[in-house]
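Given next are the chains, with one letter for each unit.
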Amino acid sequence: MYKILKKKILNPTVTLMEIDAPFVAKKAEPGQFIILRVDKDGERIPLTVADFDREKGIVTIIFQVVGATTEKLNHLNEGDSICDFVGPLGVPSHVEGLKKVAVVGGGVGCAIAYPIAKKLHQLGANVHSIVGFRNKDLVILEDEFKVASDAFFMMTDDGSYGKKGLVTDALRELLENGEQYDEVIAIGPLVMMKFVCKLTKEYNIKTIVSMNPIMIDGTGMCGCCRLTVGGKVKFACVDGPDFDGHEVDFDESIERAKMYQPFERKAHEEVCNLFKKEVH
Ligand SMILES: Cc1cc2nc3c(=O)[nH]c(=O)nc-3n(C[C@H](O)[C@H](O)[C@H](O)COP(=O)(O)OP(=O)(O)OC[C@H]3O[C@@H](n4cnc5c(N)ncnc54)[C@H](O)[C@@H]3O)c2cc1C
Ligand code: FES
């Protein structure tokens, strides 16, 4: 069992938890993820290692409540325990040797982008961070990003905080003003990553995306997490989750992500009924 040492509500739908998981903390690197099971009847879900403290043996996860399992997880409190916490999984992000990078995060994708920005900053790279949220209430990790960035750009869809517009608007402005990056790293909803890639292709800038397909084992045994990259089938859990965004077939991944939607909705309703909460 893996004890929840700290729980912090970051915004109405996003929660941070620090988990006592020394074996994961010992080896985790930015870009990697864990698979957890809340209880013995639970499904396995992947969540990124948002931070880690090797000495204290702590792993931080940040998750958005979107369905049954994240709802159940969000009902646990400090002192409670999670049944399984497997990792670190996936290939760490390649950050060595990069001199100037734009890190683009959308919504809860910022929880995945932040450790990468932090590592790049620690390695001495010039980091420009562009983060986007639907509105002010959903903003997370602003202070953390500022510390890890040489330049920071906040965007909201409705203009309630930072600048009004999408992350692609901010990135386009920077590129049009002559900024040059060794690489753009984009993490967020599939549609956002697709459009960042479309933009950076115009400027011929290598773009890495972190893919988030449905996963089961997370160790390469089932192919549930498959996607097409450069015309070849890849398994995100062992070949990724980072891929060259210009090579990814986003439309296929967007279709595959919808596969279990009716079932997911029903499972979420059941869990919400259990906790007597309204489903929006
Ligand atoms: C490698 C990896 C790392 C991830 N890291 C994080 C993280 O750090 N924080 C975080 O909040 N989420 C992360 N996710 C997504 C997370 O796994 C899902 O949100 C979670 O599995 C949803 O479970 P659920 O039962 O609560 O919702 P479900 O009932 O499974 O789904 C509810 C809704 O969320 C959508 N959804 C389900 N799975 C995903 C997914 N993999 N990606 C995007 N949307 C999904 C569904 O289409 C549906 O609309 C990651 C996914 C992967 C593959
Ligand atoms: S989740 Fe089964 S192979 Fe990736």
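Structure first, text after, so check above.
Read on for a plain summary of the structure.

Reading the values: rules and limits
Residues numbered from 1 in each chain as written. Chains lettered and ligands numbered in written order. Predicted model: local features only at pLDDT ≥ 70, side-chain atom pairs only at ≥ 80, totals over all residues. Heavy atoms only, no water. Patch = residues over 30% accessible without salt bridge, like charges linked within 9 Å, V, L, I, M, F, W, Y side chains within 5 Å. Areas by Shrake-Rupley, 256 points an atom, 1.4 Å probe, with all protein chains shown as cover. Salt bridge = Lys/Arg side-chain N within 4 Å of Asp/Glu carboxyl O. Helix = DSSP H or I, 4+ residues; strand = E, 2+ residues; numbered from the N terminus. Buried < 20%, exposed > 50% of the residue type's maximum accessible area, 1.4 Å probe, protein only. Pairing = 2+ DSSP bridges. Arc of directions from axis to C-beta. Contact = heavy atoms within 4.5 Å. Polar contact = N/O pair within 3.5 Å; in protein donor to acceptor, adjacent residues only side chain to side chain.

### What about a nonpolar patch on the surface?
Together, Met 259, Tyr 260 and Phe 263 give the surface a local cluster of nonpolar side chains, amounting to about 350 Å² of exposed area. The topology assignment puts Phe 263 in helix α9 (residues 261-274). With a relative accessible area of 59%, Phe 263 lands in the exposed category.

### Describing the sheet that holds strand β6 (residues 58-64)
Adjacent strands of a sheet pair through backbone hydrogen bonds, lying either parallel or antiparallel. Pairing in this open sheet of five strands is antiparallel, and the strands run β5-β6-β2-β1-β7 from one edge to the other. Lying at the two open borders of the sheet, with one neighbouring strand each, are β5 (51-53) and β7 (81-82). As paired elements, β5 and β6 share three bridges and run antiparallel to each other. By the bridge assignment, Asp 51 is partnered in β6 with Thr 60.

### Topic: helix α8 (residues 250-257)
Turning to α8, its buried residues are Phe 250, Ser 253 and Ile 254. In a view along the axis of α8, the buried residues occupy a sector of 100°, so they form one face of it. Of the surrounding secondary structure, the elements contacted by the buried residues of α8 are α6 (190-202), β14 (207-210) and β15 (226-229). Two to three positions downstream of the cap, the backbone nitrogen of Asp 251 sits 3.4 Å from a side-chain oxygen, assigning the N-cap of α8 to Asp 249.

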